[in-house]
Amino acid sequence: MRSRLRWLGEQVGWFLGIAASLLLMLILLPLIPLFEMYDDIRRDYEDR
């Protein structure tokens, strides 16, 4: 019984880790264009 609970706990842990990673990607992916815009602006000021 204990080994089943340990196995179930590991599976739930893996699932929560994967779900958290996907959620973090969904939150951070829309910010990428902002970082690219910042990089373009920084390059323009460095060229001057």
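Here, every reference points to the structure presented above.
Calculation criteria
Per-chain numbering applies: the sequence of each chain, read as written, is numbered from 1 onward. Only residues with pLDDT of 70 or above have their local features reported here, since the model is predicted, and side-chain atom pairs are shown and tallied only from 80 upward, although totals for entire chains, interfaces and linings are computed over all residues. The side-chain numbers reported here are obtained from all heavy atoms of the structure, hydrogens and water having been left aside. Each helix corresponds to a stretch of at least 4 residues labelled H or I by DSSP, and each strand to a stretch of at least 2 residues labelled E; elements are numbered beginning at the N terminus. Any residue under 20% of the maximum accessible area for its type is buried, any over 50% is exposed, and the rest in between are partly exposed; the area is computed with a 1.4 Å probe on protein chains only. Here the Shrake-Rupley method, with its probe set to 1.4 Å, supplies the accessible areas, and only the displayed protein chains count as covering residues. When a carboxyl oxygen of Asp or Glu lies within 4 Å of a side-chain nitrogen of Lys or Arg, that pair is called a salt bridge.

## Here we look at the overall build of the protein chain
- Secondary structure summary: the protein chain contains two helices and zero strands in total.
- C-alpha extents for the protein chain along the principal axes are approximately 70 × 15 × 5 Å.
- The buried share among the 48 residues of the protein chain stands at 0%.
- When the accessible area of the protein chain is evaluated, it comes to approximately 5,000 Å², of which 69% is carbon and sulfur surface.

## A look at the pattern of salt bridges
- Summed over the entire model, instances satisfying the criterion amount to four salt bridges.
- With a closest N to O distance of 2.9 Å, glutamate 46 and arginine 42 form a salt bridge. Here arginine 42 and glutamate 46 lie together in helix H2 (residues 32-47), a separation of four residues that amounts to about one turn.
- The exposed category is assigned to glutamate 46, whose relative accessible area is 53%.
- With a relative accessible area of 34%, arginine 42 lands in the partly exposed category.
- Several salt bridges share partner residues, and in doing so they unite Asp39, Asp40, Arg42, Arg43 and Glu46 into one network.

## Regarding the environment of arginine 48
- One can find arginine 48 in the segment after H2.
- Given the relative accessible area of 77%, arginine 48 is considered exposed.
- Taking the C-alpha atoms as reference, arginine 48 lies 54 Å from valine 12; in sequence the two are 36 residues apart.

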